[in-house]
Amino acid sequence: VLASLPLQMMLYFNVYYFPVWFLAEGMMLQLKYHLLPQHYQFLLVTAFLILTLAEGSRLYLGYVGNLQEK
């Protein structure tokens, strides 16, 4: 079984686009944070943190799994 080149290319580019997404989403969160009710503020920050952690772990596991052919 060989590593998937298309998957590796997608992961490679996603590693570079993830910080751009993170900064853009963080700036939008900062701009609209004070305009939202308190429960939406909590939900928005929670969703942002969960998505960030999930995307980081997905990229790491995809990189390691594809290169080790798992």
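Cut-offs and rules
- Residues numbered from 1 in each chain as written.
- Predicted model: local features only at pLDDT ≥ 70, side-chain atom pairs only at ≥ 80, totals over all residues.
- Heavy atoms only, no water.
- Helix = DSSP H or I, 4+ residues; strand = E, 2+ residues; numbered from the N terminus.
- Buried < 20%, exposed > 50% of the residue type's maximum accessible area, 1.4 Å probe, protein only.
- UniProt positions renumbered as here; feature names shortened; annotations may be inferred.
- Expected span 1.5 Å × (residues − 1).
- Contact = heavy atoms within 4.5 Å.

1. Topic: the environment of Leu67
Working step 1: Residue position: Leu67 is located in helix H2 (residues 38-67).
Working step 2: Judged by relative accessible area, Leu67 falls into the exposed class, the value being 52%.
Working step 3: When the C-alpha atoms of Leu67 and Leu7 are compared, they prove to be 10 Å apart, with 60 residues separating the residues in sequence.

2. Things to note about the environment of Leu61
Working step 1: With respect to the helices and strands, the residue Leu61 is situated in helix H2.
Working step 2: Since its relative accessible area comes to 57%, Leu61 is described here as exposed.
Working step 3: For the pair formed by Leu61 and Glu25, sequence separation is 36 residues and the distance between their alpha carbons is 23 Å.

3. Quick word on the UniProt feature "transmembrane region" (unreviewed entry) in the protein chain
Working step 1: The sites that UniProt annotates as "transmembrane region" (unreviewed entry) are residues 12-30 and 42-61.
Working step 2: Annotated as residues 12-30, this span is 100% helix and 0% strand, and its ends, taken at the C-alpha atoms, are 28 Å apart.
Working step 3: Strand forms 0% of residues 42-61 and helix 100%; the C-alpha atoms that close the span are 28 Å apart.

4. Some words on H2
Working step 1: Compared with the 44 Å implied by 1.5 Å per residue over 30 residues, the 44 Å span of H2 between its first and last C-alpha is a close match.
Working step 2: Residues of H2 that are buried: Gln41, Phe48, Thr52, Glu55, Leu59, Gly62, Gly65 and Asn66.
Working step 3: Where the residues of H2 are buried, they touch helix H1 (5-32).
Working step 4: Positive backbone phi, at 60°, marks Glu69, one or two positions downstream of H2.

5. Description of the side chain of Gln41
Working step 1: Within the fold, Gln41 resides in helix H2.
Working step 2: Classification of Gln41 by relative accessible area gives buried; the value is 13%.
Working step 3: What Gln41 contacts, discounting residues up to four positions off in sequence, is Tyr33, His34 and Leu36.

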